[in-house]
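What follows is the residue order along each chain.
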Amino acid sequence: MSHQTRHVFTVSRRHFIKAGGAAAALCVGSASPTKAAEAPFDPRWVQQAAATRQTPGTRTVHSVCLACNARCGVRGVVQDGRLVNISGNPYHPYNMQFTPIAYDTPLDQSLAVPSPVCGKALDTPQHIYSPYRLRTPLKRSGPRGSGQFEPIAWPDLIREIAEGGALFQHLGENRRVPGIGELISDAPIDPEDPSLGSKRNGLVFLTGRLQSGRKEFIDRFVKQSVGSRNRIGHTDICGLGFRMGNFALSDGKAVELKADPKNADYILVFGANIYEALQPGINTYGAMVARRRADGKLAFSIADPRATRASAHASDWLAVKPGKDGALAMAMIRWMMENDRINRDYLSAPNPAAVKKRGYGVLCNASHLVICDPGHADDGRFLRARHLDPALGGDAAEDRMVFTRDGKMPISALSTDRADLEREAIVKDYFGNPIRVKTAYQLLKEAALAHDLGDYAVICGVPLAQIERVAGEFSSHGTRAAVTQYHGAGNYVNGTYAAFAVAALNALVGSVNMKGGYLTGGGGCGKPTGGLYDLKTVAGSIKAGGVAISREKAVYEKSAEYRRKKDQTGSGYPARRPWFAFTKGGLCVEALSGIDQQYPYPAKVLFTYLFNPVYSIPGGYRFKETLADPDKVPLHVSIDIAVNESNIYADYIVPDLSFAEGHYGWLTPHAPGLSFTGIRSPMIEPLTDKTPDGRPICTETLLIDLATHLNLPGFGKAAIADANGGRHDLLRAEDFYLRAFANIAAGAKLPPAHPGEIAGVEAAYPLAAHKAILPSEQWSTVCRMLARGGVFKPYDALFDGDVFTKGLTEVHVYNEKLAGVRNSLTGRRFSGSPAYVAPADTQGVEMDAQEKHYPFAVVTYKSRLHTQSRSLWSAIAMEIQGENRVELHPADCRRLGLASGDRVRLVSKSNPEGIQGKIQSTALIRPGCVAIAFHFGHSGFGATALSVRDGKRAFLGGADVIDADGRLKADPAFGKGLNPNDVTRLDDTLGRTPMVDLVGGIPDFSSTRVRIEKVA
Ligand code: SF4
């Protein structure tokens, strides 16, 4: 197959089907790249911002949206200090389907260009002005979880968290609460295993929605000032499944790869809701796909148990069984191999020069030889020159080896243009010892041949004819076909292998790093933490070390526990809980399970930042017990904008800013093929209370004051060094972020802004009040960037012909690092090849085999209107869709005697009490499955009443949300619907904690099965 595009379509369903409310309605046209004022009107613009002018009392700020994590630009319209409207930023490629207005378009001209955002962003004003928003810090005034709080003065809050003490003695709790100060010690946290790190690791800081900017700020506090290893994100619940597939394919170099929406001819979508919830967002990716589909330039198919809205435009809907995407992908791989629909020309190129010569984007290791010899010390690793000749030294010793056609002995992969793909042999080393080897491709083929196509079809529940048709289509477009996989493709136990198989499809057609193929984002413009100011180095800091409480990126075999068990039993296995040496990380679920089980050490101080694990984690209800237990969580500080289902158990809640007022950030693309840095700066003044010295109460102010109270390095006087040897204070958020912005502008080589632009920024942007932090020439370049909401490069800037120049350096259809890792519970080595591995519990028992009394598989999804777990304050979305339903196929409804609107209880093995909701009969779900939208069934955020002393002061709504008894009034509308995570299956064999994949720590979203009972 040539790398040139071949438009050979084999599917039967090529006609355009109109979808009500789908992404076609979200399409926008392209503004003129040069003259914004001449931008043509496109009738498909439906979410237009009115042309915006900076009139008296009204100002306009370009920033970056955080209503979801997609990072679109926004244009906030602020009237008399209040955010009244949000639209898109026409300089930002996400808002303009990759064709923004030219970067040098003057700001005033740009204001006439309409640019869309999605419905979630449009609800921002409703969200941020919710009367239930917290303004002032709270301290618990009753038992954990009782919902009783009282305001606490800022100096007292800082002292109590920093120093600890008998903080709740007045409530009858006779325990000493540890403060952060007690953790500042280099003594080992476990004297019997110093490799776990120091007592500093007793601080566990779990972050929910966190992006670059605040990430660096929080890491500075946790990792450099305190010195804890435990700043742990929530990548696992965000979508670790598909990321683990890309992690294995790229050998950890990148996890955000997707089909190029601008130039792909065919996209195969696995578990991605492209018209409703994706990164890039629906007004970017979904809109581009819909428009190109309507124009006849793109076809796509959807593999998902639920027919997403995009399925109406798809060539095929493959209604795959939940958790069985790997079987579908391996079936396609087998079919492509057996029907000679793989790109042999590409795969047989064994080195970068050969790949380049043939016009492809990146080396694939398919032809490289792997040692398959259990007796060999390097079994599972690539055969290298040194394995054959130990006398070799230097770089040549590390050369991987290949066979050429008719070659009797392997040769260096660098010494030939073409190597054998399918080869198995016994080679002899220098001493004559035999070594069995196979090519990486051969190993993949053996994994694909493990099941015949008919078996795969039964396992994944997709008809064989449809699998063959889609495999044929996928392999009919040269390098302009790729996969877009997302949350559904691998977010379950053993999901790493499913997502790896899905990712490997791209390698087999040679589309990785190719225009129209499988691409990473192109990174940012300018370096935020270096250049003019060194924001990375903290003088006097201790390097955080040891093992994370989640055990992510840690090797079990290096632990004292392993050595002890090995001495006692000879094997060293099983570990008490799984360790995850091969993972992208961000394992908040295993962090909480570790806290619960006090493994591998107990936590002392827990911070949760915009993180609601009880609600958001599948099976998170289990952690209510953990958070309520002061032995497991001695001190819990939550930073959030609300009292939610999780921080109702906290000892202190510190109010934070919304993204409209803070969350300074520099946001690089998830999008294939793009390079930019979006800049988020406040659109309005903070809505939280102020400290006695006038700073807004928020994350940054809290961490600065805790660090300075404890005299920790990194914050306070002279904490920041500049490139000329000067030092600068870090006393407020802007001291850090404005200097980071100056670094970015300098790194991107931006020229100074025009005087009119500087005046425009200074009149409109709240950040301008702090411009004195920077010298005027730096402020000028920062103004140029702020005026445009970031720095953006054109799509074509990163391509050399058809080859993407910023992508991966190697594609791994065999991953030797993965093959070198052992399952920490069994001691068995993982496979280095993609394969179908049935979802199973930690004991290896297949999930299907143990759920016989629970016939329906549960799948969850995000709605196009709603914003993650915080959506219930989004008034427009709630008006349109105020609750979710239990979506069930009509055939299942008939069998159970159910009709739309009937109330049912869903009961799982782990939750026999079950959860209740209303039935929605729909043919858009695979029979045997139940689909439930996330976002609903809340008890926090104002859904239940709270006792908060002086509540009129504590909440933004003041007296409006306080009843006659002084309690926070509950709004019953917030509690409607049901939360599917409340019925998720737990792992009975590991402390009844949520189930996770044993390779990467992926939480399980797809193995829960339920019984459906009608409620009278
Ligand atoms: S997809 Fe919507 S909510 Fe998400 S960042 Fe973009 S505009 Fe905001």
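Our structure's up above, just so we're on the same page.
Overview of the structure.

Cut-off values and rules
- Residues numbered from 1 in each chain as written.
- Predicted model: local features only at pLDDT ≥ 70, side-chain atom pairs only at ≥ 80, totals over all residues.
- Heavy atoms only, no water.
- Helix = DSSP H or I, 4+ residues; strand = E, 2+ residues; numbered from the N terminus.
- Expected span 1.5 Å × (residues − 1).
- Buried < 20%, exposed > 50% of the residue type's maximum accessible area, 1.4 Å probe, protein only.
- Pairing = 2+ DSSP bridges.
- Near = heavy atom within 4 Å.
- Nonpolar A, V, L, I, M, F, W, Y, C, P; charged D, E, K, R; others polar.
- Phe/Tyr/Trp six-rings, centres within 6.5 Å; stacked < 30°, edge-to-face > 60°.
- Lys NZ or Arg CZ within 6 Å of the ring centre and 35° of its normal.
- Core = buried A, V, L, I, M, F, W, Y, C linked by side-chain atoms within 4.5 Å.
- Contact = heavy atoms within 4.5 Å.

Structural notes on helix 15 (residues 495-509)
Think of an α-helix as turning once every 3.6 residues; residues three or four places apart then point the same way.
Move 1: Taking 1.5 Å per residue as the helical rise, helix 15 with its 15 residues ought to reach 21 Å, and the 23 Å between its terminal C-alpha atoms agrees with that figure.
Move 2: Of all 15 residues that make up helix 15, 15 are buried, and the element is covered over most of its length.
Move 3: Following helix 15 by one or two positions, G510 adopts a phi angle in the positive range, close to 75 degrees.

Some remarks on the sheet that holds strand 28 (residues 716-722)
Move 1: Strand order in the open sheet made by the 3 strands is 22-28-29, with antiparallel pairing throughout. Of all strands in the sheet, those bounded by a partner on one side alone are strand 22 (533-534) and strand 29 (727-730).
Move 2: Bridge analysis of strand 22 against strand 28 gives 2 bridges, and the strand direction is antiparallel. Along strand 28, the bridge assignment pairs Y533 with D722.

Concerning the site of the ligand
Move 1: All residues adjacent to the ligand are C65, A67, C68, A70, R71, C72, V117, C118, K120, A121, G281 and N283.
Move 2: Broken down by class, the residue content of the shell around the ligand amounts to 8 nonpolar, 2 polar and 2 charged.

Digging into the pairing of strand 5 (residues 148-151)
Move 1: Both strand 4 (residues 138-140) and strand 5 contribute to a ladder of 3 bridges, which runs antiparallel. Residue R140 lies in a different strand from strand 5, and its bridge partner there is F149.
Move 2: Relative to strand 39 (residues 947-948), strand 5 runs parallel, the two being bridged by 2 bridges. Counted as the bridge partner of Q148 is S947 from strand 39.

Quick word on the packing of aromatic side chains
Move 1: The final tally for this structure, using the stated rule, is 33 aromatic pairs.
Move 2: On the numbers, 6.3 Å between centres and 65 degrees between planes, the contact of Y103 with F792 is edge-to-face. Linking Y103 in the loop between strand 3 (82-87) and helix 1 (107-110) with F792 in strand 30 (residues 790-792), this pair joins segments that are 689 residues apart in sequence. One exposure class covers both Y103 and F792, and it is buried.
Move 3: With a centroid separation of 5.8 Å and 55 degrees between ring planes, the pair formed by F676 and F792 is classed as tilted. With F676 in strand 27 (residues 676-680) and F792 in strand 30, this pair connects stretches of sequence that are 116 residues apart. In this structure, F676 and F792 share a single accessibility class: buried.
Move 4: Stacked on the ring of Y861, the Lys or Arg R306 has its end atom at 3.4 Å from the ring centre.
Move 5: In this arrangement the basic side chain of R739 is found over the ring face of Y533, its NZ or CZ atom lying 5.4 Å from the centre.

Looking at the nonpolar core
Move 1: Counting 163 residues, the largest nonpolar core has L268, F270, I274, F474 and L505 as the members making the most contacts within it.
Move 2: With sequence-adjacent residues up to four places away left out, F474 is seen in contact with Y266, L268, M332, M336, A481, A482, V483, L505, N506 and V509.
Move 3: Listed in part, the 107 residues of the second largest apolar core include L674, L730, L767 and V791.

Observations regarding unusual backbone geometry
Move 1: With an omega of 0 degrees, the peptide bond between Y573 and P574 qualifies as cis.
Move 2: Within the element layout of this structure, P574 appears in the loop between helix 16 (560-569) and helix 17 (588-597).
Move 3: Although it is not a glycine, D340 sits at a positive phi angle of roughly 50 degrees.
Move 4: Structurally, D340 can be placed in the loop between helix 8 (325-338) and helix 9 (344-347).

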